[in-house]
Amino acid sequence: MSALPAGGCRDLPVLRERGQREVFCGLTGIIWLHRKMQDAFFLVVGSRTCAHLLQSAAGVMIFAEPRFGTAILEEKDLAGLADAQTELDREVDRLLARRPDIRQLFLVGSCPSEVIKLDLAKAAERQSARHAPHVRVLNFSGSGIETTFTQGEDACLAAMVPVLPQTPARELLLVGALPDVVEDQALALLAAMGIAPVRVLPARRLGGMPAVGAHTVFALTQPFLADTREALLRRGARQIAAPFPFGEEGTTLWLRAVADEFGVPADLFESVTAAPRARARKAVAAQAETLRDRTLFFFPDSQLEVPLARFLARECGMRPLEVGTPYLHRDILGPDLDLLPQVPVLSEGQDVDRQLDRARAQRPDLTVCGLGLANPLEAEGLATKWAIELVFTPVHFYEQAGDLAGLFARPLRRRALLSPATALEAAE
Amino acid sequence: MKLTVWTYEGPPHVGAMRVATAMEGLHYVLHAPQGDTYADLLFTMIERRSKRPPVSYTTFQARDLGGDTANLFRTAAQDACDRFRPEAVIVGASCTAELIQDNPGGLAEALGLPVPVIALDLPSYQRKENFGADETFLQIVRHLARPMARTARVSCNILGPTALGFRHRDDLVEITALLEEMGIDVNVTAPMGARPGDIARIGAAHFNVLLYPETAESAARHCETAFGQPYTRTIPIGVGATRAFIAEVAALAGTALRPDEARLRQPWWAASVDSTYLTGKRVFLFGDATHVIAAARIARDEIGFEVCGMGCYNREQARALRATAKAFGVEPLITDDYLEVEAAIAALQPELILGTQMERHIGKRLGIPCAVISAPVHVQDFPARHSPQMGFEGANVIFDTWVHPLVMGLEEHLLHMFRDDFEFHDAAGPSHHGGHAPRPLSDAPGALPPDTQDISEQKMPAATAADRPDAAAPAADSIVWLSDAERELKKIPFFVRGKARRNTESFASGKGLNEISIDTLYEAKAHYAR
C-alpha cells in the first residue's frame, strides 16, 4: 500500500455552491429500502409529484404490488375542509386491512406535508397504538426541502434508532441497507474472523431488528448516514471509523478496523482475507486497464462520491478532476479523504449550470452524473456513468470490487466499440 | 387524501414542461424544491432527448422557507434569462411552491425581463398533467398570438404535439405529408418545434388541425374565437378516421386534391384469410380518451374485434368517451385508479387489452396479451423507427402492433385442434414470443380478488374427467391403433401428427378405450376443438 499515491484531501478547501440542484429527493430511497425490509410499507404523505417521482425513478412498475404508495393530498386537505389526520388514519386502516403481511409502516413526509406542517410523528404515535402489536408505525421525512437522495435512507434509519431495544451486550452493528447477497458476504467474513454476534440495521424483518446500548460498536457501510450515526452515538454506541468498503483496499481497511476493535489476530485476519483480496485485486486489475489515466468528474448525487473517487484513483488509476458531493461529512469521510490523492476541485452542494460549464471546459473522459444530465452530456461527446446505478447495484466488499470498477469501465469500453461515425451522429 | 400506487398522469407542471421542452427559444422558470428536478429524466431518458429540458428550478430548501424564497425565484429567473437568452419565459410553481404563495408571475413581472413573461396558474392539488399541458399552451397562444392577415395560399396550423407524447413525433411527420399532398401549407406547428415568434403568427393560418385534444383543445378554441379559425374535430387514427379527416380538411381548405392511398395496407391485411382468427376477439380498451375512442372504432370496424369494455383516465375528455361507450353498448370506466382498471379487466377477461403501459403490466399479471395505444409513455414508446398512429401509415402500424401480442393465424388454428397438448396449448403463448408464457395466477405475486382467480381457472386448459388419466383407465402404451386409424393419422401434417397422436391416445385413455378407430380419432379432434 505504501506504493500507492500519497493522499490528503482532509484539509483541502471546498468549493461550496448554492443554486439549482439536479438531484433526487430523499423519497427515492424508498425504492431500495422497501426491497430490503420485506415486511415494511412506505406510505408517502404528499402530492401527485411524489407519486410520479417514485414511479419514474423506479422505472414504471417493476414490482407488481409494491410496498410503497402515496397518500395524495387534495384541495380539501389543504383548505382545512378535511382533517388531514383523520383522513390519514382512514387510509392507513384501509391499507393495513388489505395487506396483513405488513409489520412495519413508515409514514414518509414530503415537501407539501412539511410545508403545511402535517404532524406525522403524532400520526405515527397514534397509529402505532391503534395497530400494536401487529404493526409498528414510524415516520421520517424524505422531502426534497430537507433531504437529498440517499439522505432518505439516513432519515429512515435514524427514525428507527430511538425505538431499538436496549442491550448491555458488546455487539457489532453494521449500519446501512446493503443488498442481501453483499450483507451475507460481509457477515461471513466477520464470522470467519470469530466476530459474533453481528447485528444489522436495517434488518430484513421487524423481528430481526438489532438492540443497541453503551457497549454496541457500529460500523457504517454507507457514507450518507450522518443522522443515523448521531442517533446511535446518542444511544451510547461507539463508531469504528474506517474508509468505506469499496474496492480491495477500502474493504480491507474497513475489515481491519473492525478486526482491530475485536482483537482479531493478524494471522487469522490474513487467512480470512487473503483469497478474496486476491480475487478482488485481479478483478479490479482487469477493469483498470480501461480506466487507468482517464480523467473523472463527479456531479453530486449519492454522497458516495468521495469513497468512490478514492477507489477509482488509488485502485484503478483514474485522475479525478472534480469530486462533487451533496454534503461533505468530514467526521464520516475523514479516513477516505486522507487516502484520496489531492483533487483539483472538491465541491459541496450544486449550481448545476456552473458545474456543467466546468465539466464542458475540462471535457473529462468519464462524467458521473444523474439521469437528467447523462444523455445531454453524451450528446455533447462526453462519456457518462449514471450515478443511480451505484446505489441500486451490489458494489460493496471484495466480491463486488471488480463489478464496481466495471460500472465505470463499461461506458468507456462501449464508446470504443461503437464506430466513430455512429457516435458523431448521436451527438448531431 | 387518496392512496395511489401508480399514476396515469403526472402533476400539471410536468404538462407545462412537455410544452416548454417541445418548443425552441422558450424557458420555464419553475419555483420548486430540489427533488422536482426528477422530471428532467422523463425527457432525457424515456424520450432520449439530447438536450436538457429548458427548465430552471429554484431549488428552495427548508431553511429558506422562513426567509426569502421569493428572492430565490428572482435570482433564478434573472439567471435563466442571462444564460439561456430565451425569446419568452413561462413561470410557475410546482405543488410545494404553490403552498408558499410567492406569486412567481408577479415576481417575474416586477423584474422587468427583456422578453415576454407568461405566468401559469396550474392548481397542483386539483388538476393533472394533461390539463397542465393544455393550459400552458393556451396561455402561450393567448399572450403571443395576435390577429393578422391570412396567408395567400391556403394554410393551417397543426396544434397539439408535445414532448413526451405518445408517438407525436411520427404522427406529425405523417399528417404534415398528408396535408402537403392535399396542397395545404403548414403555417405553424406547435408546440413541437415552434419558437415564441412562430406562435405570434398562428393567426395567419386559414384553419387549425387539432391532433391531440388533451394538449391543445383550449388553444384551438381560443383561436376559433380570437382569429375566426375553425379547427378539425376528427382525429385521424385508423383508416376510416383518416379518410373522414381528409374530407373534413378538404372542406375547410376548399381543395379537391386527395392523398395517395397506395401505401395503405391495413384493409387488405385485415381482409386476408390469416386475419380470420381475429374475428370477434374480445378486447378491452383503456388510455386517454382520444386514443381509446379512435381505437374502439378501429377494433370494431377495421379489425373485427368485439369491444367488451372501454375507459379513460382523463376526466377532461370523459364526455366524448361516454358517448362512444354508449354507442358500443358497453359501460364506460372513467377512473385514474389503476386498481379499478385491473378489477374491470379481471372481471371481463378480454382476449386482448389495448391500453397503456399500466395495462401492459396488468396484462402480464393476468396472463392477457396487451398492445399499447396511449400515454403514459415508457422508453418502449419511443422506437427508433418511424412508427406513427395517425394517417395511413399509422393504420398499418396499428394493425401490426395490435396483432403482434396474439398468436398467429395458422398457429391459433392448430391450437384449437390440440388445445391441451403439453407444449402446444394456449398457456404456452405465441410461439414468436419465446419464454413469455404467462404464469398461472396462483403463482403470480400480489393478492388478487378471488373472483379473478375463478375466472382465470376457466381460461386455463380445462381439466375434465375425460382428460385425466386415472388408475382404472388403460395406460396409453396399451392402446392399439387400428390400421385404418393409423393410416388416417398419417394424413395429418407431420408437424402436428405427434400431437394428434398423443391427444387421441389421451382421449381414448380417458374414455377407457383399448382401441383407436377412425371414429375415435375424429371424436378426439371434436373434443379438443372449441
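The rules we used
Residues numbered from 1 in each chain as written. Chains lettered and ligands numbered in written order. Predicted model: local features only at pLDDT ≥ 70, side-chain atom pairs only at ≥ 80, totals over all residues. Domains from an automatic or database assignment. Contact = placed C-beta atoms within 7 Å. Helix = DSSP H or I, 4+ residues; strand = E, 2+ residues; numbered from the N terminus. Nonpolar A, V, L, I, M, F, W, Y, C, P; charged D, E, K, R; others polar. Buried ≥ 20, exposed ≤ 12 C-beta atoms within 10 Å, placed from the backbone. Arc of directions from axis to C-beta. Axes fitted to C-alpha atoms, helices over the stretch in contact; angles between N-to-C directions. Parallel < 35°, antiparallel > 145°, perpendicular 65-115°, else oblique. Core = buried A, V, L, I, M, F, W, Y, C linked by C-beta atoms within 7 Å. Pairing = 2+ DSSP bridges.

Undergrad: Give a description of the domain arrangement of chain B that names residues and reports values.
TA: All names here are of chain B. Here the domain parsing of chain B yields domain 1 (12-128), domain 2 (145-253), domain 3 (266-411) and domain 4 (463-530). Inter-centroid distance (C-alpha atoms) of domain 1 to domain 2 is 28 Å. Taken residue by residue, the interface counts 15 residues in domain 1 and eleven residues in domain 2. Mapped onto the side of domain 1 that touches domain 2, the elements with two or more residues apiece are α1 (12-22) and α2 (39-46). Broken down by class, the residue content of the side of domain 1 that touches domain 2 amounts to nine nonpolar, two polar and four charged.

Undergrad: Go over helix α14 (residues 352-362) of chain A, please, and point to the residues and values.
TA: Residue and element names in this part refer to chain A. Those residues of α14 that fall on the buried side of the exposure criterion are Val352, Gln355 and Ala359. Down the axis of α14, the buried set is contained in an arc of 65 degrees. They therefore lie on one face. In this structure, α14 carries Asp357 and Ala361 as exposed residues pointing more than 90 degrees from its buried face. Taken together, the buried residues of α14 touch β10 (295-298), β11 (319-325), β12 (345-350) and β13 (366-369). Remark: Arg363 follows α14 within two positions and exhibits a positive phi of approximately 40 degrees.

Undergrad: Could you give an account of the packing of helix α20 (residues 483-491) of chain B against helix α22 (residues 518-528) of chain B, with specific residues and numbers?
TA: Residues and elements named next belong to chain B. Running from N to C, α20 and α22 cross one another at 45 degrees; their axes reach a closest spacing of 7 Å. The orientation of α20 relative to α22 falls into the category oblique. Where α20 abuts α22, its residues Asp484, Ala485, Glu488 and Leu489 lie against Ile518, Thr520 and Leu521. Residues that form the contact of α20 with α22 fall into these classes: four nonpolar, one polar and two charged.

Undergrad: How would you explain the interface of chain A and chain B if you had to name every residue and give the values?
TA: One frequent convention defines the size of an interface as the accessible area lost when the parts assemble. Each partner contributes to the interface: chain A provides 53 residues, whereas chain B provides 50 residues. Of all the secondary-structure elements, those providing two or more residues to the side of chain A that touches chain B are α2 (48-57), β3 (68-72), α3 (75-78), α4 (84-98), α5 (111-115) and α15 (371-379) of chain A. Top contributing element to the side of chain A that touches chain B by residue count: α2 of chain A, with eight residues. The class makeup of the residues in the side of chain A that touches chain B is 27 nonpolar, 13 polar and 13 charged.

Undergrad: If you had to explain the nonpolar core to someone new, which residues and values would you point to?
TA: Leu43 of chain A together with Leu285 of chain B are the most contacted members of the largest nonpolar core, which totals 264 residues. Broken down by element, the residue count for this core peaks at nine residues, all from helix α13 (residues 289-303) of chain B. In this structure, Ala508, Ile516, Leu521 and Tyr528 of chain B belong to the second largest nonpolar core, which totals six residues.

Undergrad: Give a detailed account of the sheet that holds strand β9 (residues 238-239) of chain A, specifying residues and quantitative values.
TA: Residue and element names in this part refer to chain A. Spatial ordering of the open sheet is given by β7-β6-β8-β9, a layout of four strands whose pairing is parallel. Each edge of the open sheet carries a strand with a single partner, namely β7 (198-201) and β9. Of the strand pairs in this sheet, strand β6 (residues 172-175) and strand β8 (residues 217-220) are connected by four bridges, and their pairing is parallel. Bridge pairing links Val175 to Leu220 in β8.

Undergrad: Which residues make up the sheet that holds strand β6 (residues 155-159) of chain B, and what values go with them?
TA: All names here are of chain B. Taken in spatial order, the three strands line up as β7-β6-β8 in an open sheet, and their pairing is parallel. Single-partner strands in this sheet number two, and they are β7 (185-190) and β8 (207-210). Sheet twist, expressed as the average angle between the axes of neighbouring strands with direction ignored, equals 25 degrees. As judged from the four bridges shared by β6 and β8, these two strands associate in the parallel manner. Bridge pairing in β8 places Cys156 opposite Phe207. Across the face of the sheet, helix α8 (residues 168-181) comes into contact with β6, β7 and β8 while running at roughly 170 degrees to β6. Of the strands in this sheet, β6 and β8 are in contact with helix α10 (residues 213-227), which crosses β8 at around 165 degrees.

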